[in-house]
Amino acid sequence: MTELSLSIRPEVPGDADAIERLHERAFGPGRFARSAYRLREGAAHDPALSFTANVGTLLVGSVRLSPIWAGRVPALILGPLTVEPAFESRGIGAALMTRALAAARAAGHGLVLLVGDEPYYRRFGFAVVPRGRLAMPGPVDPARFLALELVEGTLAQARGPVTARRS
């Protein structure tokens with residue numbers, strides 16, 4: 001296998017169309033009905049915490065963090081994390097995750113939530129949100145509702161509905 005010349009960089013406004021096409025290829029039209037997608041509709045992603053992966057000039061991955069409320073605690077929701085299907089299983093998703101979480105931690109954020117596969121996200125420190133602590137809008141499989149504390153004790157303070165937070 002040939003080694004990729006991968007670069008991770010902050011997302012810029014000119015990336016929007018390529019990212020939308022990537023989401024379409026990776027998730028299809030069903031993405032619009034997902035609870036996490038609907039939550040992200042209410043608040044724009046934070047460009048300072050959103051990154052793309054590029055091989056040369058080709059955008060092959062994207063991750064976004066958006067501001068939310070976890071009850072009364074300010075938090076972030078991660079997603080979507082997307083990698084071009086032809087480039088999956090090459091560490092691109094992990095590189096995007098590492099960069100986004102480091103940026104969130106450096107910016108002083110305390111809590112990141114996501115809906116995803118716990119076996120994949122566990123390696124970044126995510127764990128299942130304790131049942132009854134937080135409620136996502138719409139149905140979410142409780143085993144896929146995950147949290148990462150960037151500041152210890154933040155999840156314990158978060159109780160109630162998860163809602164969009166507008167800057």
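Residues numbered from 1 in each chain as written. Predicted model: local features only at pLDDT ≥ 70, side-chain atom pairs only at ≥ 80, totals over all residues. Heavy atoms only, no water.

Caption draft 1: Local environment of the packing of aromatic side chains. Evaluation of the coordinates by the stated rule reveals 3 aromatic pairs. Judged by centre distance (4.9 Å) and plane angle (85°), the ring pair of Tyr-120 and Tyr-121 falls under edge-to-face. Classification of Tyr-121 by relative accessible area gives buried; the value is 11%. Seen from their ring centres, Tyr-121 and Phe-126 are 6.0 Å apart, and the 75° between their planes marks the pair as edge-to-face. Here the aromatic residues Tyr-120, Tyr-121, Phe-124 and Phe-126 are joined through ring pairs into a cluster of three or more. Above the plane of the ring of Trp-69 lies Arg-165, whose end atom (NZ or CZ) is 5.6 Å from the centre. (Phe/Tyr/Trp six-rings, centres within 6.5 Å; stacked < 30°, edge-to-face > 60°. Buried < 20%, exposed > 50% of the residue type's maximum accessible area, 1.4 Å probe, protein only. Lys NZ or Arg CZ within 6 Å of the ring centre and 35° of its normal.)

Caption draft 2: Broad picture of the pattern of salt bridges. Tallied over the entire structure, the rule returns 4 salt bridges. Between Arg-9 and Asp-15 there is a salt bridge, with its nearest N and O atoms 2.8 Å apart. On the basis of relative accessible area, Arg-9 is assigned to the partly exposed category, the value being 28%. Glu-11 is paired through a salt bridge with Arg-64; the nearest N and O atoms lie 2.9 Å apart. With Glu-11 in the loop between strand 1 (6–10) and helix 1 (16–27) and Arg-64 in the loop between strand 3 (58–63) and strand 4 (65–70), this residue pair connects regions lying 53 residues apart in the sequence. Accessibility classification places Glu-11 together with Arg-64 in one group, the buried group. (Salt bridge = Lys/Arg side-chain N within 4 Å of Asp/Glu carboxyl O. Helix = DSSP H or I, 4+ residues; strand = E, 2+ residues; numbered from the N terminus.)

On their own, these measurements won't tell you what the molecule is for.
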